[in-house]
Amino acid sequence: MTKFPDVVTFVSGLIKRDYDAPFNSIPGHGRYQHFCVGGRDRIADLLSTWPPSVDNTERCRRLIDLFLVSVLLDAGAGTSWSYKSNENGKIYRRSEGLAIASLEMFKTGLFSGSHENKYQVDFEGLASLTEKQLESGLQSRPGNELAGLGGRTDLLLKLSKALRSKTEFFGETGRPGNMIDHLLSHPSTQASSMLIVPLPVLWNVLMSGLAPIWPQSRTSIDGVSLGDAWPCTAMPGGAGSWESIVPFHKLTQWLTYSLMQPMQSLLNMHFAGTELLTGLPEYRNGGLFVDVGVLNLKKDEMDRGLENYSDYCRRTGVKGVEVAPMFEPSDDVIVEWRAATVGLLDLLCAEVNKHLKKELAGNEMTLAQLLEAGSWKGGREIAEINRPNTKEPPILIDSDGTVF
């Protein structure tokens with residue numbers, strides 16, 4: 001923890017570099033910003049192409065359709081993959097590349113089963129999706145492979161089934177955007193004179209509505225797959241088997257952060273209880289604490305991780321340019337790293353607010369703003385400094401395309 005002030009200084013410096021005090025202009029962490037890579041607001045551009053006859057509620061449904069599919073496709077892309085935009089010929093990588101690719105696929109109607117509206121995602125459109133179509137849409141090919149393509153395809157096919165079966169959330173047409181109608185008609189929303197949705201109501205739609213999409217081989221209780229929740233031997237075992245399980249639900253939380261944005265901007269919907277969301281335990285936020293030296297792997301684990309990476313290189317033919325320890329998502333090392341990251345992000349938010357107290361002038365930065373302007377960006381930038389060839393995180397995860 002003697003290194004923790006270094007993280008505070010580094011992150012505060014990034015925030016001051018990229019934003020003007022009192023930092024009100026920092027958006028909450030969400031998918032929207034990835035669509036705006038290169039300073040072009042592609043979402044505003046998309047909205048402007050729809051005629052005035054498409055009302056704000058339908059516009060919001062369409063954006064939720066797009067954002068949900070885009071977030072679910074946003075697992076780690078791997079280091080060799082890039083995407084060349086069909087619209088401007090520019091090349092994008094990682095999260096931004098997946099955002100632009102998903103947007104361009106959405107605009108072609110790839111995810112829609114409707115003849116009247118290609119700008120939607122529904123169970124019919126997703127049910128007919130093939131790995132070949134996704135491979136083509138994401139430009140994955142030899143020399144430009146996207147990691148976990150099969151896992152991503154499977155996730156979208158499972159999403160089709162979830163949208164079809166969970167009509168209470170997604171309506172008869174099985175569209176993600178129909179969750180708006182569920183939120184607007186919910187008793188807790190109706191009880192207020194303003195349009196205020198309690199965050200647990202949205203959370204329940206995403207946790208219950210999307211429960212069927214997570215791999216069944218993962219952690220489950222009473223036959224119900226928990227998704228991104230993992231047993232950890234460092235946790236005290238109690239009477240219930242659940243007591244040693246650490247719940248992250250990173251993709252669902254990232255989705256929650258992302259989906260609130262169009263609902264807030266287009267429908268002026270307010271969410272009560274956003275402080276219930278945690279920081280995101282993914283490799284950029286987690287990598288920041290490892291690269292600055294707050295978190296370190298124990299020697300035995302480091303040796304085991306390096307051996308795993310050698311095996312991975314032999315298995316896949318990847319050339320280990322910058323060697324780093326590698327583990328599977330279920331490994332105790334990864335679960336502990338992610339759990340520590342969640343706790344450290346809360347602490348980082350409090351300390352950065354103290355550090356920037358003068359510039360904030362009575363304001364406080366939210367955790368969502370810190371993720372956007374500081375920790376996620378900081379993790380990415382320090383990875384580029386420390387591993388300039390691959391820009392990989394300091395600990396690698398052997399991912400199947402459904403975790404991160």
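Data block above holds the structure.
Residues numbered from 1 in each chain as written. Predicted model: local features only at pLDDT ≥ 70, side-chain atom pairs only at ≥ 80, totals over all residues. Heavy atoms only, no water.

Right, let's get into the pattern of salt bridges. Considering all chains together, one arrives at 25 salt bridges under this definition. Between D303 and K299 there is a salt bridge, with its nearest N and O atoms 2.7 Å apart. Residue D303 and its partner K299 are both found in helix 15 (residues 299-316); the two are separated by four residues, about one turn of the helix. Assessed through its relative accessible area of 36%, D303 is described here as partly exposed. Salt bridges here are not isolated pairs; linked through shared partners, they connect E58, R61, R62, D65, R175 and D181. (Salt bridge = Lys/Arg side-chain N within 4 Å of Asp/Glu carboxyl O. Helix = DSSP H or I, 4+ residues; strand = E, 2+ residues; numbered from the N terminus. Buried < 20%, exposed > 50% of the residue type's maximum accessible area, 1.4 Å probe, protein only.)

A separate point is the environment of F170. As for its position among the elements, F170 is in helix 9 (residues 167-170). You can call F170 buried: its relative accessible area is 0%. As a C-alpha pair, F170 and S128 span 42 residues in sequence and 18 Å in three-dimensional space. Leave out the neighbours within four places in its chain, and F170 touches A162, L163, R175, P176, N178, M179, V205, G209 and L210. (Contact = heavy atoms within 4.5 Å.)

This part takes up helix 14 (residues 283-291). With nine of its nine residues buried, helix 14 lies for the most part within the structure. Among all positions in helix 14, only Y283, R284, N285, G286, G287, L288, F289, V290 and D291 are buried. Packed against the buried residues of helix 14 are helix 1 (4-18), helix 5 (94-108), helix 16 (332-355) and helix 18 (367-386). One or two positions beyond helix 14, positive phi appears at G293, with a value near 100 degrees.

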